[in-house]
Amino acid sequence: MKHIRKKLCNQRGETLVELMVSILIATLSVGLLLGGVAVSANINQQAEKADVYFYETLSAAESQKEPLSDGIAAKPTIDLEESAKTIRIPVQVFGGKGLYTYALDTAGGELP
């Protein structure tokens, strides 16, 4: 009981250096946490932009509203080779921005 009373009556506290070190550690911890949150928000924003870009490009490729003509051969074809015989199938190319799809070009003439 005497030992507990001595502890309670002890007037010795933290020194100024100890207090400053603990504040510095807390400040650095908060700074690192905020930096991590900022980087995470930036990565999330970039991912959302990439998702929107991909969705728009995929929708354009799948909609097949108007065939591409920029950078595409005048009459694009798919060549199938089988035992020294080549079959050319006319196609239309749709999409853009790095994502493309094609469909049979039924307006371009008869299919082989």
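In this text the structure is predicted, and so the values were computed from the model without any measurement.

1. Focus on the environment of Asp79
Logical step 1: Along the chain, Asp79 falls in strand β1 (residues 77-82).
Logical step 2: Relative accessible area serves as the criterion here: at 38%, Asp79 is assigned to the partly exposed category.
Logical step 3: Through-space distance from the C-alpha of Asp79 to that of Pro90 is 8.9 Å; in sequence the pair is 11 residues apart.
Logical step 4: Of note is the side chain of Asp79, whose polar atom sits 3.5 Å from the side chain of Thr77.
Logical step 5: For Asp79, the side chain forms a polar contact with the side chain of Arg88, separated by 3.4 Å.

2. Focus: the pattern of salt bridges
Side chains that differ in charge, positive against negative, can pair when their charged atoms come close.
Logical step 1: Applying the stated criterion across every chain yields a total of one salt bridge.
Logical step 2: Between Arg88 and Asp79 there is a salt bridge; the shortest N-O distance is 3.4 Å.
Logical step 3: We classify Arg88 as exposed; its relative accessible area is 53%.

What counts and what doesn't
Residues numbered from 1 in each chain as written. Predicted model: local features only at pLDDT ≥ 70, side-chain atom pairs only at ≥ 80, totals over all residues. Heavy atoms only, no water. Helix = DSSP H or I, 4+ residues; strand = E, 2+ residues; numbered from the N terminus. Buried < 20%, exposed > 50% of the residue type's maximum accessible area, 1.4 Å probe, protein only. Polar contact = N/O pair within 3.5 Å; in protein donor to acceptor, adjacent residues only side chain to side chain. Salt bridge = Lys/Arg side-chain N within 4 Å of Asp/Glu carboxyl O.

Just geometry here; none of it tells us what the structure is for.
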